[in-house]
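# Descriptive analysis of the structure
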Amino acid sequence: MLAVEELTLYLVEMELVRPFRTSFGATRVKPCILVRVRSRGEEGWGEVVADRGPWYSYETVETAWHVITEFVAPLLLGRELDHPKDVPEVLSPVRGHNMAKAGVEMAVWDLYSRIEELPLYRVLGGVRREVESGVSIGIQKDVDSLLKLIDGYLSEGYRRIKVKIMPGWDVNVVRRVREEYPDVPLQVDANGAYTLRDAEIFKRLDEYSLLMIEQPLSYDDLVDHAALQRSLRTPICLDESISSYSTARCALALGSCRVVNIKPGRVGGHTASLAIHDLCASRGVPCWVGGMLETGVGRAHNVALATLPNMKYPNDISASSRYYERDIVDPPFELTRRGTIPVPEGAGIGVEVLTSEVERLAKRAVTLRA
Ligand code: SMG
Ligand code: MG
């Protein structure tokens, strides 16, 4: 049994080593909310992956701050829990806002694992000591710049390249990348920038042996994705459209995708991620873990989740240095020459959160008690 006695939120902003441009805009400074929960002299950390504005998702750091302080924390604080898997039920009076809930839920998983003195990945049922690392590359000013970046990342050892696409930066870009790198594991991510009227573009992308096409159509669509998937050999992978376990069920029932990108920070946390993972495994649908430019806290949670058996592709989990000059965890995440990230073996997320650095970076903080 455990009960969260204290919950602290930090609104943190971290400058990226290079801007990250997608079909919906560019990020130079990544805000996030770090969540710390305490019980029985132990602490646990989680991260809310929402951005400054409602672009990737309707949630923002400010909606998450509001929902956690006003609604989530009062439901959770002081409540007796047998296991972190109880958290979603406790928070169920709050509809949606899965990013806000996830930051808190994952902090409870870390806390529980530290109390049990076990690494989080083992508590989750993970089976790997290292996870495969891919890199996601934003839209560049021209293809030569993109090719140069790809060259650098491949020589660092990354096992797969993901290229962001949008109308005007798609087939020609993929053609040039394939000419240069005929065999590299390659996928594209549109972040919902197309409609079924663009079927011709996807027919052409279908010719380049892509591992998958991620979120080609609208962020909340399942029906048009099913139609598009029927017309393509390349698997469609859904990201934004899978906002919960329930939407994952619908996507599989409709045949909207053949691969699922799981981001625990998007779907409500580890409990929902495990349920989606197990459902996909039972249907023969492979998964992998996506990324939201997380700090070392969110990254540690993603690494732990990526150790599950049905994570079958390289993940959007790159080294800390690919995002930030200085991470807020010690040690920072590093890439092996094999293009993997070793899984920390310490209790909980297995890395130390540099609290004084978090406090230095925090624009705002609040502590709530039972
Ligand atoms: O964390 O390496 C990462 C970023 C991976 O491309 C990435 N994430 O749609 O999958 C995605 C995007 C969402 C974040 S855009 C700010
Ligand atoms: Mg994506």
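Before going into details, it helps to say that this report is about the structure given with it. (Residues numbered from 1 in each chain as written. Chains lettered and ligands numbered in written order. Predicted model: local features only at pLDDT ≥ 70, side-chain atom pairs only at ≥ 80, totals over all residues. Heavy atoms only, no water.)

## Structural notes on the site of ligand 1
The test is simple: The near set for a molecule or strand comprises every residue that places at least one heavy atom within 4 Å of it. Polar contact is defined as a pair of N or O atoms within 3.5 Å, subject to the rule that within protein one atom must be able to donate a hydrogen and the other to accept it, and that residues adjacent in sequence are counted only when both atoms are side-chain atoms. Surface accessibility follows the Shrake-Rupley procedure with a 1.4 Å probe radius. Residue values consider only the protein chains on display as shielding. Ten residues, namely Ala, Val, Leu, Ile, Met, Phe, Trp, Tyr, Cys and Pro, are considered nonpolar, four, namely Asp, Glu, Lys and Arg, are considered charged, and the remaining ones, Gly among them, are considered polar.
Residues in contact with ligand 1 amount to 17 residues; listed here are only the nearest, Ser136, Asn191, Gly291, Leu293 and Tyr323. One nitrogen or oxygen atom from the side chain of Lys164 is found 3.1 Å from an oxygen atom belonging to ligand 1. For ligand 1, an oxygen atom lies 3.0 Å from a polar atom in the side chain of Asp189. Here ligand 1 has 440 Å² of accessible area as a free molecule, and 99% of this is covered by the chains. Of the residues in the shell around ligand 1, the class split is 6 nonpolar, 4 polar and 7 charged.

## Points about the coordination of the magnesium ion (ligand 2)
Perfect tetrahedral coordination of a metal by four donors corresponds to 109.5 degrees between them, and perfect octahedral coordination by six donors corresponds to 90 or 180 degrees. Test applied: Each metal's donors are the N, O and S atoms found within 2.8 Å of it, except that Na, K and Ca use a 3.2 Å limit; water is left out, so coordination can look incomplete. The secondary structure listing takes helices from DSSP runs of H or I that are at least 4 residues long and strands from runs of E that are at least 2 residues long, numbered from the N terminus. In this scheme, a residue with accessible area under 20% of its type's maximum is buried, one over 50% is exposed, and one in between is partly exposed, where area comes from a 1.4 Å probe on protein chains only.
Of the protein atoms, only Asp189 (OD), Glu214 (OE) and Asp239 (OD) coordinate the magnesium ion (ligand 2), at distances of 2.1 to 2.2 Å. All donors to the magnesium ion (ligand 2) come from one chain, and their sequence spacing reads D-x24-E-x24-D. Of this pair, Glu214 sits in strand 10 (residues 213–214) while Asp239 sits in the loop between strand 11 (236–238) and helix 9 (245–254), and the two are 25 residues apart along the sequence. Of the two residues, Glu214 and Asp239, neither departs from the other in class, the shared state being buried.

## Brief notes about the nonpolar core
Filter applied, for reference: What makes a nonpolar core is a set of buried Ala, Val, Leu, Ile, Met, Phe, Trp, Tyr and Cys residues whose side-chain atoms join them at distances within 4.5 Å.
Residues Leu34, Ile161, Val163, Leu205 and Val260 are the most contacted members of the largest nonpolar core, which totals 89 residues. Take this core: its biggest share by element is 6 residues, from helix 5 (residues 143–156). Judged by nonpolar contacts, the second largest core, of 35 residues, contains Ile33, Val61, Leu81 and Val104.

## Looking at the environment of Ala64
Defined as follows: The criterion used for residue contact is that any of the two residues' heavy atoms lie within 4.5 Å.
Structurally, the position occupied by Ala64 is in helix 1 (residues 61–76). Overall, Ala64 belongs to the buried group, its relative accessible area being 0%. Distance in space between the C-alpha atoms of Ala64 and Pro119 is 28 Å, their sequence separation being 55 residues. The contact partners of Ala64, leaving out residues within four places of it in the chain, are Ile33, Val48 and Ala100.

## A short note on the packing of aromatic side chains
Here is the rule we go by: The pairing test for Phe, Tyr and Trp rings, Trp by its six-membered ring, is centres within 6.5 Å, and the orientation test on the planes gives stacked under 30 degrees, edge-to-face over 60, and tilted for anything in between. Placement of a charge over a ring requires the Lys NZ or Arg CZ to be within 6 Å of the ring centre, with the centre-to-atom vector within 35 degrees of the ring normal.
Under the criterion given, the structure shown has 5 aromatic pairs. With a centroid separation of 5.7 Å and an interplanar angle of 80°, the aromatic rings of Tyr153 and Tyr158 are classed as edge-to-face. Its relative accessible area of 3% is what places Tyr158 among the buried residues. An angle of 80° between the planes, with centres 5.1 Å apart, marks the rings of Tyr194 and Phe202 as edge-to-face. Residues Tyr194 and Phe202 agree in their burial class; the two are buried. A cation over a ring is seen here: Arg322 above Tyr323, with NZ or CZ 5.1 Å from the ring centre. The lysine or arginine in question, Arg364, covers the ring of Trp65, its NZ or CZ lying 4.8 Å from the ring centre.

## Quick look at the sheet that holds strand 9 (residues 186–189)
What counts, and what does not: Two strands qualify as a pair provided DSSP detects at least 2 bridges between them.
If you trace the 7 strands from one edge of the open sheet to the other, you get 7-8-9-10-11-12-13, paired in parallel fashion. Unpaired on one side and paired on the other, strand 7 (135–137) and strand 13 (287–289) mark the two borders of the sheet.

## A word on helix 9
Which entries qualify depends on this criterion: Note that the arc is defined by the directions from the helix axis to the C-beta atoms.
Among the residues of helix 9, Thr247, Ala248, Ala251 and Leu252 are the ones counted as buried. All buried residues of helix 9 fall inside an arc of 135° around its axis, so they share one side. Counted as exposed and oriented over 90 degrees from the buried face of helix 9: Arg249 and Ala253. In this structure, the buried residues of helix 9 make contact with strand 11, strand 12 (259–262) and helix 11 (270–282). One or two residues past the end of helix 9 sits Gly255, with phi positive at roughly 70°.

## A closer look at the environment of Val163
By the secondary structure assignment, Val163 is in strand 8 (residues 161–164). The exposure class assigned to Val163 is buried, which follows from its relative accessible area of 2%. Between the C-alpha atom of Val163 and that of Glu6, which follows or precedes it by 157 residues, the distance is 41 Å. Among residues more than four places away in sequence, those in contact with Val163 are Ile137, Leu146, Ile150, Trp169, Val173, Leu186, Gln187, Val188 and Asp189.

## A look at the environment of Thr307
Along the polypeptide, Thr307 turns up in the loop between helix 12 (296–305) and strand 14 (329–330). Residues Thr307 and Pro74, spaced 233 residues apart in sequence, show a C-alpha to C-alpha distance of 33 Å. Apart from residues no more than four positions distant in its own chain, Thr307 is found in contact with Tyr121, Gly126, Val127, Arg128, Val131 and Val343.

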